[in-house]
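Close look at the chain arrangement
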Amino acid sequence: MPAVTYETALMFWRIITQIFFREIRPRGAFNIPRDGPVIFVGAPHHNQFLDPLLLSLEVFRETHRRVAFLTAAKSMKRKAVGFFARQMDSIPVARAADEAKSGTGLVALSPNDPCLVIGEGTRFKSEFTPKMQITLSKSVNSVTAEVVEVVSDTELRIKKEFGGETGKGTARIREKLAEAKAKGKNGLAFKTLPFIDQQEMYHGVYKRLKEGGCIGIFPEGGSHDRTDLLPLKAGVSIMALGAMASDPTVKVKIVPVGLSYFHAHRFRSRAVVEFGVAQDVPAELVEMFKEGGARKREAVAKFLDLIYDGLKTVTIRAPDYDTLMLIQAVRRLYKTPGQHLTLGQVVDLNRRFLEGYTHFKDEPRVQKLRSDVLKYNRLLRDLGLRDHQVPRAKKASWKTLGLLLYRLTLLLFWTILALPGTILNGPMFIIASIISKKKAKEALAASVVKVAGRDVLATWKILISLGVAPVLYTLYAILATVFAVKAHVSWWLQLCTPFLVICALPFMNYAALKFGEAGMDVFKSLRPLVVALIPGQQRDLDKLKAKRLRLSNEVADVINEFGPKLWDDFDQFRILVPASAPPSTDTGVWRRKSSVGQVDAQGNLLIHPMTWLDERLFGWSRTATRGTSAWGGNTPSHELSRPGTPGLDESDEEDHGDYDHVIGYLPAYEAASRIKPRSRQGSYADLKRLRMMTTAQTTSSNGSSGIQVSDSQTLHMRHRQRRESLSDLVPVERIASVDKQETFPNATAGLNEEIVDTIALETFYHSYV
């Protein structure tokens with residue numbers, strides 16, 4: 001595939017994904033090898049065709065390397081999907097499950113031999129040959145086994161008993177057979193799966209790896225919407241070991257990639273693509289693979305376990321949906337008001353909480369906390385509130401009413417602006433929604449691993465929109481031209497009308513998208529204001545706030561108790577507060593760049609209009625370092641003023657920048673001796689004390705500076721001892737401190753001159769030598 005074709009396809013898909021997703025955040029991109037053969041192993045496979053797109057886009061953006069993904073041959077045969085897959089240089093893979101056919105008759109297991117299948121009304125000799133597979137009905141989880149011998153039309157022998165050697169699969173089958181016999185049936189339905197020789201596919205992969213290329217694969221074998229990983233297929237292990245066994249000069253690296261979505265199937269959702277540490281293929285496993293037979297299978301299994309361990313470091317694996325919802329609720333309770341976690345920290349905290357909960361879920365204190373959190377969630381649902389809206393809900397006042405009226409006016413304003421584009425795109429949205437839901441039902445009916453079929457929704461929404469949009473825009477251009485002709489406008493305007501409409505519609509629709517987004521943010525913030533103004537609701541709000549405060553303290557206390565029992569370095573690497581820039585103490589609005597280089601909600605009127613206006617109309621001033629919040633009544637805030645609007649900027653899906661790898665310059669170090677410690681008598685003082693119990697040291701030595709930091713400032717620093725290097729390969733050391741009042745050019749001028757002189761001396765030395 002020519003490079004220009006691949007890059008053009010990537011450019012097209014980058015535009016599409018940026019429209020569909022509100023934010024795509026990469027993490028750990030420095031782990032991507034810049035050269036050599038690489039296999040990117042992605043999981044979980046929650047978004048069908050969008051998963052490989054996001055992975056390919058992030059790899060190309062970081063390294064300009066092309067990733068060839070293994071794609072089901074069945075998908076490649078579809079017109080739209082196949083066309084785009086070929087542009088992305090995909091490698092087709094035939095799957096036996098895609099060629100499954102219903103078998104004739106019913107089957108049962110021999111009472112004496114679990115590997116002997118007995119048929120009734122079957123035609124095994126005409127439907128099966130050795131190496132083919134037989135799969136049973138969904139009632140027994142569609143268990144599959146390989147056929148080794150066809151004895152007769154009513155008897156065949158399988159290689160291993162269904163469900164593995166543990167016997168659980170066999171026991172379940174016998175149980176279902178007994179139930180079927182009670183209903184008058186003498187067996188279970190079955191399907192035949194053909195034997196597929198994958199040698200050609202493997203040779204293509206080996207060739208790509210020998211050329212130093214990149215392969216992408218989702219080893220679960222297919223997309224799904226479960227909260228945990230599916231069992232991994234051995235193909236990825238065979239690819240890596242086989243490539244190195246066939247050519248000793250090939251050094252394959254495995255990069256685990258975790259994809260975390262915030263509502264994967266929804267339009268304008270968010271995604272995190274996390275790259276783990278690249279893994280080398282152990283030489284001893286390659287030697288075992290070369291021996292063949294049982295040793296080869298052992299090598300494949302061992303390396304698959306290593307790959308699975310790598311995926312565990314970048315994925316969130318909950319045993320069920322309820323547990324995942326519980327973990328997310330606890331994570332929100334762990335975050336105190338005013339904290340803003342990055343998308344990366346949200347994913348990391350979810351992963352840590354899941355690991356801790358899985359380990360200590362049987363502890364009485366953890367079980368009680370689980371019960372209390374679930375009750376709190378039910379109260380939230382009853383009041384129609386979200387967790388981040390609870391802490392700042394105050395007693396209703398004239399400011400509450402004024403804020404509600406103002407936001408209703410603002411909602412009307414954004415609705416009017418978004419209405420034309422919404423109406424014009426309405427048919428496309430409706431068609432995409434109807435057809436994608438239909439496709440989800442079809443995928444669910446044909447699968448044994450999907451829960452609701454949501455993994456295909458986003459893909460079909462995009463594909464259908466791509467097909468409907470050109471037709472719809474052409475129709476609008478024709479209608480506009482007809483209108484222009486009937487209105488007897490000039491002939492040149494009649495000629496230009498269709499082109500003007502086609503060119504203007506994308507810009508109008510994008511504007512409608514942004515206006516609608518802003519309007520939805522306003523709409524979501526109305527509920528707590530309405531609740532606060534309803535007579536009698538104040539008591540429920542007060543109870544809810546008290547319950548949240550108690551739960552937050554309990555969560556922090558449980559973490560302090562059980563965290564050190566699970567991780568030896570718990571205190572060193574715990575996430576206390578986000579690793580983001582501190583609140584601004586300068587005049588003006590503190591603005592921060594988003595991942596796409598745009599100013600985010602802190603200062604962009606289009607993205608979040610309420611922040612800018614609320615700050616000026618309801619209690620914040622442009623030059624104030626301390627302010628009064630409309631949600632805080634008339635009580636001055638004890639926290640440094642920061643641009644923000646309760647109910648808007650503290651969303652369930654944090655959208656701030658990922659500063660995990662910023663080198664630790666924090667103004668708190670130098671300002672500690674000058675800034676008066678903040679009041680700690682607020683409603684969250686207990687929670688803050690609990691979080692500082694395990695990091696009680698209030699002084700921190702930074703090199704030889706001996707700077708002291710007050711305990712109030714420790715909340716602005718992440719207590720993590722980082723390696724003294726920009727990466728594992730580049731050592732650094734602190735050589736000087738900079739006066740905060742000194743401008744950046746003045747502070748670095750001497751350093752730059754020193755670097756230039758050093759380079760000149762080295763150049764002279766090498767030329768002389």
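Everything quoted here is computed from the prediction, not taken from an experiment. (Residues numbered from 1 in each chain as written. Predicted model: local features only at pLDDT ≥ 70, side-chain atom pairs only at ≥ 80, totals over all residues. Heavy atoms only, no water.)

Things to note about the overall build of the protein chain
Of the regular secondary structure elements, the protein chain holds 23 helices and 15 strands. The buried share of the protein chain, reckoned over its 769 residues, is 46%. Nonlocal contacts in the protein chain, meaning residues at least 24 apart in sequence, comprise 73% of its contacts between residues at least 6 apart. (Helix = DSSP H or I, 4+ residues; strand = E, 2+ residues; numbered from the N terminus. Buried < 20%, exposed > 50% of the residue type's maximum accessible area, 1.4 Å probe, protein only. Contact = heavy atoms within 4.5 Å.)

Things to note about the pairing of strand β3 (residues 67-72)
The buried fraction of β3 amounts to six of the six residues, a majority that puts the element mostly inside the structure. Burial along β3 is two-sided: V67, F69 and T71 facing one way and A68, L70 and A72 facing the other are all buried. Note: β3 against strand β12 (residues 214-217), three bridges, orientation parallel. The partner of A68 across the bridge, within β12, is I215. Sheet topology note: the β3/strand β4 (residues 91-93) ladder contains three bridges and is parallel. Residue pairing in the sheet places A72 in a bridge with V93 of β4. (Pairing = 2+ DSSP bridges.)

Describing the pattern of salt bridges
Between side chains of opposite charge, a pair can form as their charged atoms come close. Summed over all chains, the structure comprises 30 salt bridges. Of the charged contacts, one joins E274 and R27 as a salt bridge, the two residues approaching to 3.4 Å between their closest N and O atoms. Remark: R27 occurs in strand β1 (residues 21-27) and E274 occurs in strand β14 (residues 269-275); sequence separation between them is 247 residues. In terms of burial, E274 and R27 fall into one category: buried. One salt bridge in this structure joins R268 and E517, with 2.5 Å as the shortest N-O distance. Of this pair, R268 sits in the loop between β13 (253-262) and β14 while E517 sits in helix α16 (residues 491-524), placing them 249 residues apart in sequence. You can call R268 buried: its relative accessible area is 13%. (Salt bridge = Lys/Arg side-chain N within 4 Å of Asp/Glu carboxyl O.)

Concerning unusual backbone geometry
The amide bond that connects A43 to the next residue, P44, takes the cis arrangement and shows omega of -15°. Of note, P44 is situated in the loop between β2 (38-43) and α2 (50-63). Unlike most non-glycine residues, D89 shows phi in positive territory, near 65°. Relative to the helices and strands, D89 resides in the loop between α4 (79-87) and β4. Positive phi, normally seen in glycine, also occurs at N141, with a value near 65°. On the secondary structure map, N141 appears in the loop between β8 (133-136) and β9 (144-152).

Structural notes on the sheet that holds strand β11 (residues 190-193)
Reading across from one edge, β5-β11-β8-β9-β10-β7-β6 is the order of the seven strands in this open sheet, with antiparallel pairing throughout. The open sheet has two edge strands, β5 (101-102) and β6 (106-109), and neither has a second partner. Note: β8 against β9, three bridges, orientation antiparallel. When the bridges of β9 are listed, T135 appears paired with T144. Against the sheet, helix α6 (residues 168-182) engages β6 and β8, with an angle of about 125° to β6. (Axes fitted to C-alpha atoms, helices over the stretch in contact; angles between N-to-C directions.)

Brief notes about helix α1 (residues 3-20)
The first and last C-alpha atoms of α1 sit 26 Å apart over 18 residues, in line with the 26 Å expected at 1.5 Å per residue. Taken residue by residue, α1 has Y6, A9, L10, W13, I16, T17 and F20 as its buried positions. In a view along the axis of α1, the buried residues occupy a sector of 130°, so they form one face of it. Of the exposed residues in α1, the ones pointing more than 90 degrees away from its buried face are V4 and M11. (Expected span 1.5 Å × (residues − 1). Arc of directions from axis to C-beta.)

Notes on a nonpolar patch on the surface
On the surface, a cluster of nonpolar side chains totalling about 590 Å² of accessible area is made up of W491, W492, L493, L495 and L500. One can find L493 in helix α16. (Patch = residues over 30% accessible without salt bridge, like charges linked within 9 Å, V, L, I, M, F, W, Y side chains within 5 Å. Areas by Shrake-Rupley, 256 points an atom, 1.4 Å probe, with all protein chains shown as cover.)

Let's talk about the nonpolar core
Membership of the largest hydrophobic core comes to 37 residues, with the highest contact counts inside it found for F353, V373, Y376, L385, L544 and V555. Per-element accounting of this core gives the leading share, eight residues, to helix α12 (residues 343-360). In this view, V373 contacts L326, A329, V330, L333 and L551; residues no more than four positions away in its chain are not counted. (Core = buried A, V, L, I, M, F, W, Y, C linked by side-chain atoms within 4.5 Å.)

Focus: the packing of helix α8 (residues 235-246) against helix α9 (residues 283-291)
Direction vectors running N to C along α8 and α9 enclose 85°, while the axes themselves pass 9 Å from each other. Here α9 runs roughly perpendicular to α8, going by the angle between their axes. Facing α8, whose interface residues are I238, L241, G242, M244 and A245, α9 presents L285, V286, F289 and K290. Class assignment of the residues belonging to the contact of α8 with α9 gives a composition of seven nonpolar, one polar and one charged. (Parallel < 35°, antiparallel > 145°, perpendicular 65-115°, else oblique. Nonpolar A, V, L, I, M, F, W, Y, C, P; charged D, E, K, R; others polar.)

Side note on the confidence of the model for the protein chain
In the predicted model, the protein chain carries a mean pLDDT of 75, and 72% of its residues have values of at least 70. The low-confidence segment residues 577-610, where pLDDT is below 50, has 90 contacts with residues more than four positions distant or belonging to other chains. The model gives residues 618-730 a pLDDT under 50, and that stretch makes 250 contacts with residues more than four places away or in other chains. (pLDDT = per-residue confidence, 0-100.)

Digging into the packing of aromatic side chains
Inspection of every chain in the model, using the stated rule, returns 18 aromatic pairs. Plain terms: the ring middles of F12 and W13 are 5.2 Å apart, the flat faces sit at 70° to each other, and that makes the pair edge-to-face. Overall, F12 belongs to the partly exposed group, its relative accessible area being 33%. Assessed through its relative accessible area of 5%, W13 is described here as buried. Taken together, a centroid distance of 4.9 Å and an interplanar angle of 75° make the contact between W13 and F84 edge-to-face. (Phe/Tyr/Trp six-rings, centres within 6.5 Å; stacked < 30°, edge-to-face > 60°.)

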